[in-house]
Each structure stands twice: as C-alpha cells, then as structure tokens.
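Each chain, written out:
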Amino acid sequence: MRIKLLPLFLAFLIFVQGCKTSDGIPEPYLADHAMVVSARAEASELALDTMRNGGNAFDAMVVTHLTLAVAYPFAGNLGGGGFLVYRLKDGSKGTLDFREKAPSAAHRDMYLDSLGNVIPDKSTLGATAVGVPGSLRGIYMAHKKFGKLPFEQLLDQAIALAENGVIVSENQAKSLNRYTEIFSELNGENSLFSRTFKGGDTLVQKALANTLKKIQEDGIDSFYGGELGKSLSDFIQEEGGYVTLEDLQDYQAVWRDPIEFNYKNLHVISMAPPSSGGVTLAQIMKMIEAHEPEQYAHHSVNMIQLLSEAEKRAYADRNYYLGDPDHVEIPMEVLLSSSYLDSRMEDFEFGQPVPSSEIQEGQINYAESMETTHYSIVDSEGNAIAVTTTLNGAYGSKLYSNELGFFLNNEMDDFSAKPGVPNMFGLTGAEANSIAPGKRMLSSMTPTIVEKDGELSMVVGTPGGSTIITSVLQTIINVYDYDMTMQQAVNAGRFHHQWLPDEIRMEPGRFSDEVIEELKERGYKVNLEQSPVIGKVDAILVREDGKLEAGADPRGDDSAKGY
C-alpha cells in the first residue's frame, strides 16, 4: 500500500519543500528527531520509515542505498562503490572504504595503444571500463557492525519498489533519453533502458527485483562469488571486460581512519585516501583560514579569488601525491602541516593570479621512499552518516546487465591511464594513481561530518566528479562564515578551480556580470558553459535549538524527509 500511495505523497513533499517565506528565502525544512536527505524522495521516505519502525541510521543507510539503486540508476547502484563517514552518538567516528578495485588482470598500460597513446572510450565505455564493485560489501559490513534490524528485512522496500515501479521524473526522463542510443548500442534494442522515457512513466525493474531477492535469500556472498557473482563475471568477460569471479570473491571493504582537522571553532571529519576529498578539503580550508574569507562579501571577487587560488594549489598536490594508501606512500603529515600549507600560499596576493603553469606540486622531502550520489542521515539516537556512492560517469560504463538488472561502473577511468593525460573530469594524474592489480582508484568523493564545540553540527556531501570537494567546501563556509541556513547554503551558486585546466568554472546565472568581468580583468579565464550545475549537495544541520535542518539540492530531484 505504501508504494502505491507514494506518488501522492511525493507531490505533497515537493509542494512543502518548495515553500518560501515572504522575502523569497527558502523555508527551512525541520525535524525534531531524525532526518534523511537523498537524491530521491522514495529513498528518503522509505529510509525514514525504517527509523520510525525501530531502525537506526545504519539500517536507514541500507534502505537508502538500495532504493536509490532502483529509483536513481544514474548513480544509485549495486555495480559501483563509495565511501562512508560516520559519527556515533557517543562521539566516536570512523570511515569505511568500499571503493571499487582494479581487477587482477589490470596493468599499468592497459588503456594505451602500441604507440603509448590513450585508446578513446576504453576506460569509460563498456565492459573494459569496469572495476570490481564494492557497494554491497560496503553497506553489508557497515550494517553488520552498527545496524539493529535484520539485513534481509531491509531489502523489502527496494524489492517492492522495483516490482511495483518507480515514477520517472521530468529530470530523469531527460537524463535517460540523452543516452538512449548508447544504451541501445551496448545493451541491445530490447534492453530496459533502450527506449524513450517521459515524465510520469512507471519504470518497473523485474530483473533488479529478482537480483535483490536472491541477495535476500542467499546473502551477499551470492554476489561476491556465488550464483550472482558467476552471472556477473561471465557477463563482463563475454562483453570483453576483465573482472573475474575470483576478483569478486577477493573483494573486501576497508575500515580506515578519517581525515580530521580544525577550521576556526569547527572540527571536520572527512574521508581519507583513496578518496582525495578529506586531504584536499583540509588543505584548502587551512590555506584560507588565515585570510579570514568572511571579511569579504559572499561571491565577491576577493572571496572567489582567495578560494580559487587555494584550490589550485591543493589540486596540484592532489593530482601528484594521492593514490591508494595500500599501494603508494602518501606524505600525509607534511601535506596537512601548517608550515607546508603556509608555504604554499606565500606567493598569493589579491589581483593578478599565479598561473597554474607556475604552480606545481609542493616540494616534499620523504622520510622514506559527474556522476555520483550522496545521502546524509541523522537518527533519533544522534548517530550520523555521510555516504557518497558512484558508478563514476552517468550510468557508469553504460553497460547494463539485462539478466541482473543494473548498470556497471566505469571507475577504471579514475586511474591515471597515462600520467599527465586528463581523465573524463579533466583531472590530470601522476604515477601515484597509476593502474595496478587490486589497486583502488583515486576519488574526489568527500562525505563529511562537522562538529562544533564538540557536538554534531553538520552532515554533508555531494556528487559532481572533481567539483565535489569545492562544493562541500563552499557549503560549509556558507553556513559557518556567511551565516546561511542549510537550504540557503545548498542553493547558493557555486564555482570551482582544479588547477588544470587553468580556469574558474562558474554556474551560469548565479554570479553578477560585474564580478565575472572583474575576474577576467584580473587575468582569470571564466568558464560558464561547462558546468551548468556544480554539485547536488544533500546536507543536514543540527541547529542550536537541537532541531535538524535539511538542505536538499533543488538542482535535482533531491528530497529531505524527517520527523
């Protein structure tokens, strides 16, 4: 009954969350006890029901993740991976790395031709782009450690949603139709997504429902080495890919220590490598702190220049030094030290920028040798979770298993296929992120939790490829340096600099002509075309009165639900 009534509920939810005050400021969406913010209202509602019915944030995480796999195939997934940052009610915290891995057959030059040039599409499209998926192992491990309800029970909602059908939104129809031709070429004309969609269509996914039932009956080991795993690995190899049954059997998620740092009176907890998110976020925030960004008007030329120059330096370091910590040595202590970061900003001054061509990675002396989704959850006990998960590109590799009912990732493109050559997000990597068997590829995902005065204050994250880090950065300072509400902070226009290419990407229509012209006069190249949308932030703020305030990004179909 709940699934059948969901469209009516969604219409009401969209109306409520769209309300504004008389001065045009978004009306805060508040809850007293628990909150879920995700890319789809179905996921937020069903996850909240789980917490109402005795579950905690980790039970809600399983429901959110699996219902997004049904309702949001653009990035929700069984065939991808991601990262989880948590803070428990007692203040303890940690992270789980369920990032995909390179298959055992992978090697450094697997995407290069005989002349050493990158082969177009091989790391982005079809089976050759697929890394070993980690999503199911990740949510299972997190739930096993912290969940309350039986794991099998938590699959019921996603199975029902897949069987009864999800309502296709206008945004979703446009997104799906953009790839119809590629879906048809890769997966056949009769494949589920090889057709034209329109808003209001009901998308029934019987094959995905059957896969989820199999996991419910036989456990996730069916996926990682059992009947489902054999079907998946056989399919990938028949399509020319590299992932084997043994690769699935060997896959494990990894508990890692978070990146933690202070910014003014805040304590920030974020993801460590192989995510570059926490390190790069820490570098930028520590570089701008001494310059007190709040003294410059929001979206003023000086504020934009300060952040952009810090971003350039941090991304130069990101692209050179960061990779899978199980395979490369990362000089973490130096990269996050105040003395090093002060030295990185020594040549900064307002006015003419330092060109990216003159900014290289910082010199360190070693002691020894767009398409992601995020959800934030806070439960009534005070547990908080930030999860960012991805297939990498939109619908990943575009390869869809008609038998199993889901898309496969194209995460192999996140390696440096050839050091110095940009990937699909324009990021230029180095040897630290080169391909090796069993290695995890570098990521920009930045699930983050913020404490203020020792208490839980914010849960935040976003999709957006290389723009993830800067979107999280701007959302945090919008609230704490510019006194915005959570929804105002999420709604505000965003900009991004990633060192190479040497340009500031800006959301069109969000910045004044005067600011854009002055940036150009100072010597910046401004790109208003490449990123009509930068990030889709989903966040929760714990207000001083104890209420939970949502920020669900209006750039998508994102939705908050709380009680």
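It should be emphasised that the depicted structure is a prediction, and the values quoted were computed from it without experimental measurement.

I'd like to hear about the pattern of salt bridges, residue by residue, with values.
Enumeration according to the criterion identifies 37 salt bridges in this entry. One salt bridge in this structure joins E451 and K93, with 3.4 Å as the shortest N-O distance. In this structure, the salt-bridge partner of E309 is R313, at a minimum N-O distance of 2.9 Å. Residue E309 and its partner R313 are located together in helix α12 (residues 301-321), separated by four residues, close to a single helical turn.

Describe the packing of helix α2 (residues 41-52) against helix α3 (residues 57-71), naming the residues involved and giving the relevant values.
Angle between the axes and distance between the axes are the two parameters that describe a pair of packed helices. For the pair α2 and α3, interaxial distance at closest approach is 8 Å and the crossing angle is 155°. By the angle class used here, α2 and α3 are roughly antiparallel. Crossing geometry of α2 relative to α3 is assigned as right-handed. Of the residues in α3, those touching α2 at E42, A43, L46, A47, T50 and M51 are A57, D59, A60, V63, T64, T67, L68 and A71. Considered class by class, the residues forming the contact of α2 with α3 number nine nonpolar, three polar and two charged.

Go over α12 with me, naming the residues and quoting the values.
Over its 21 residues, α12 extends 30 Å from the first C-alpha to the last, a length consistent with the 30 Å expected when each residue adds 1.5 Å. Of all 21 residues in α12, 19 are buried; the element is thus mostly enclosed.

Before we move on, could you go through the UniProt feature "binding site: L-glutamate" (unreviewed entry) in the protein chain and cite the residues and values that matter?
UniProt records the feature "binding site: L-glutamate" (unreviewed entry) for R99, T390, L391, N392, D414, S443, S444 and G465 in the present numbering. Summarising the element assignment, R99 is placed in the loop between β4 (93-98) and α4 (135-146). Discounting residues that sit within four places of it in the chain, R99 has contacts with G82, F83, Y251, P274, T390, E411, D414, R440, M441, L442, S443 and M445.

Can you break down the nonpolar core residue by residue, with the values?
Ranked by size, the top nonpolar core spans 87 residues in total, and within it M35, L281, I304, M458, I476, M506 and L519 carry the most contacts. With 10 residues, α12 is the single largest residue contributor to this core. Setting aside its immediate chain neighbours within four residues, L519 contacts V301, I304, I504, M506, Y524 and V526. Residues A43, A158, F183 and A253 belong to the second largest nonpolar core, which totals 81 residues.

Summarise the pairing of strand β11 (residues 384-390); cite the residues concerned and give the values.
By the criterion of burial, β11 is predominantly enclosed, with seven of the seven residues buried. What you see with β11 is no split at all: A384, A386, T388 and T390 on one side and I385, V387 and T389 on the other are buried throughout. Inspection of the sheet shows strand β3 (residues 81-87) paired to β11 by seven bridges, in the antiparallel sense. Looking across to β11, one finds that G82 is bridged to T389. Across seven bridges, strand β10 (residues 372-378) lies against β11 in antiparallel orientation. What sits directly across from T372, in β11, is T390. Counting the residues in the hairpin turn of β10 and β11 gives five residues, including G382, whose phi is positive at 100°.

Report on the UniProt feature "active site" (unreviewed entry) in the protein chain, specifying residues and quantitative values.
As annotated in UniProt, the feature "active site" (unreviewed entry) corresponds to T372 in the numbering used here. Along the chain, the position of T372 falls in strand β10. With a relative accessible area of 5%, T372 lands in the buried category. Apart from the residues within four sequence positions on either side, T372 is in contact with A75, T388, T389, T390, N392, M445, P463, G464 and I468. Here the side chain of T372 touches T390 through a polar contact of 2.9 Å, side chain to side chain.

Describe the side chain of S191, with residues and values.
Tracing the backbone through its elements, the reader meets S191 in the loop between α7 (180-187) and β6 (202-203). With residues up to four places along the chain from it excluded, the contact list for S191 reads Y400 and N402.

Mind laying out the environment of S559, listing which residues take part and the relevant values?
Examined against the element boundaries, S559 turns out to sit in strand β21 (residues 559-562). You can call S559 buried: its relative accessible area is 3%. A C-alpha to C-alpha distance of 32 Å links S559 and D513, two positions 46 residues apart in sequence.

Describe the packing of aromatic side chains, and please don't skip the residues or the numbers.
The final tally for this structure, using the stated rule, is 25 aromatic pairs. Consider the rings of Y224 and Y251, whose centres lie 6.0 Å apart with planes at 20°: the pair is stacked. Of the two residues, Y224 is situated in the loop between α8 (206-218) and α9 (227-238) and Y251 in the loop between α10 (245-250) and β7 (254-256); the sequence distance between them amounts to 27 residues. You'll find Y224 and Y251 in the same group, each marked buried. On the basis of an interplanar angle of 75° and a centroid distance of 5.0 Å, the ring pair of F348 and F350 is categorised as edge-to-face. Judged by relative accessible area, which is 31%, F350 ranks as partly exposed. Connected via pairs of aromatic rings, a cluster forms that spans Y72, F74, Y179, F183, F193, F197, Y395, Y400 and F407. Over the ring of Y224 we find R137, and its NZ or CZ is 4.5 Å from the ring centre. Over the face of the ring belonging to W255 we find K145, whose NZ or CZ atom lies 4.3 Å from the ring centre.

Analysis parameters
Residues numbered from 1 in each chain as written. Predicted model: local features only at pLDDT ≥ 70, side-chain atom pairs only at ≥ 80, totals over all residues. Heavy atoms only, no water. Salt bridge = Lys/Arg side-chain N within 4 Å of Asp/Glu carboxyl O. Helix = DSSP H or I, 4+ residues; strand = E, 2+ residues; numbered from the N terminus. Axes fitted to C-alpha atoms, helices over the stretch in contact; angles between N-to-C directions. Parallel < 35°, antiparallel > 145°, perpendicular 65-115°, else oblique. Left-handed = near helix turned anticlockwise from the far one by under 90°. Contact = heavy atoms within 4.5 Å. Nonpolar A, V, L, I, M, F, W, Y, C, P; charged D, E, K, R; others polar. Expected span 1.5 Å × (residues − 1). Buried < 20%, exposed > 50% of the residue type's maximum accessible area, 1.4 Å probe, protein only. UniProt positions renumbered as here; feature names shortened; annotations may be inferred. Core = buried A, V, L, I, M, F, W, Y, C linked by side-chain atoms within 4.5 Å. Pairing = 2+ DSSP bridges. Polar contact = N/O pair within 3.5 Å; in protein donor to acceptor, adjacent residues only side chain to side chain. Phe/Tyr/Trp six-rings, centres within 6.5 Å; stacked < 30°, edge-to-face > 60°. Lys NZ or Arg CZ within 6 Å of the ring centre and 35° of its normal.

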